[in-house]
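# Geometric and topological summary
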Amino acid sequence: MELTTLHYFVTLAQELHFRRAAEKLNMTQAPLSIAIRKLEDELGCTLFERSSRFVRLTPAGEFFLREAQWVLLRAQKARESLEQFLSGSALR
């Protein structure tokens, strides 16, 4: 599982619309859909209910959203901490 895929998942979970999420991610709908299907296959569960009229999170998707947001937040904090360390502003 890659951070990029988690970012795709979180964006789609926030938008609940493939086209809008894809636009927000500066990509087309097809690769986003493929990435989400691969993530679901990797996790062994369905994260979104889909129809021609709606996209919504499943209970597993709601649970995973909180975890994915936490992982992305921690990754961002790790990057910021490293940048501070490299600039000499972090405590050593």
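For the structure given in this document, a descriptive report is provided here.

Here is what the cut-offs are and how they apply
- Residues numbered from 1 in each chain as written.
- Predicted model: local features only at pLDDT ≥ 70, side-chain atom pairs only at ≥ 80, totals over all residues.
- Heavy atoms only, no water.
- Core = buried A, V, L, I, M, F, W, Y, C linked by side-chain atoms within 4.5 Å.
- Buried < 20%, exposed > 50% of the residue type's maximum accessible area, 1.4 Å probe, protein only.
- Helix = DSSP H or I, 4+ residues; strand = E, 2+ residues; numbered from the N terminus.
- Contact = heavy atoms within 4.5 Å.
- Axes fitted to C-alpha atoms, helices over the stretch in contact; angles between N-to-C directions.
- Parallel < 35°, antiparallel > 145°, perpendicular 65-115°, else oblique.
- Left-handed = near helix turned anticlockwise from the far one by under 90°.
- Nonpolar A, V, L, I, M, F, W, Y, C, P; charged D, E, K, R; others polar.
- Salt bridge = Lys/Arg side-chain N within 4 Å of Asp/Glu carboxyl O.

### Some points on the nonpolar core
Among the nonpolar cores identified, the biggest contains 23 residues, and Y8, F9, L32, I36, F48 and F64 are the most heavily contacted of them. Residue assignment for this core shows that the elements contributing at least two residues are α1 (3-15), α2 (18-24), α3 (29-43), β2 (55-57) and α4 (59-87). Per-element accounting of this core gives the leading share, six residues, to α1. In this structure, F64 is in contact with M1, L6, F9, L39, L43 and L47, ignoring residues within four places of it in sequence.

### Some remarks on unusual backbone geometry
Even without glycine at this site, L16 takes up a positive phi of about 50°. In this structure, L16 sits in the loop between α1 and α2. Here N26, not a glycine, exhibits a phi torsion of approximately 55°, which is positive. Secondary-structure assignment places N26 in the loop between α2 and α3.

### Looking at the packing of α1 against α4
Running from N to C, α1 and α4 cross one another at 130°; their axes reach a closest spacing of 9 Å. It follows from the interaxial angle that α1 and α4 lie oblique. Read as a crossing pair, α1 and α4 show a hand that is left-handed. Across from L3, L6, H7, F9, V10, A13 and Q14 in α1, the residues of α4 making contact are G61, F64, L65, A68, Q69, V71, L72 and A75. Residue composition of the contact of α1 with α4, grouped by class: 11 nonpolar, four polar and no charged.

### Regarding the pattern of salt bridges
Side chains bearing opposite charge may pair, as long as their charged atoms lie close to each other. Going through the model one piece at a time under the given rule, you end up with six salt bridges. Close ionic contact of R50 with E40 constitutes a salt bridge, the shortest N to O distance being 2.9 Å. On the criterion of sequence distance, the pair formed by R50 in strand β1 (residues 48-50) and E40 in helix α3 is long-range, its members being 10 residues apart. Judged by its relative accessible area of 26%, R50 is partly exposed. You can call E40 buried: its relative accessible area is 5%.

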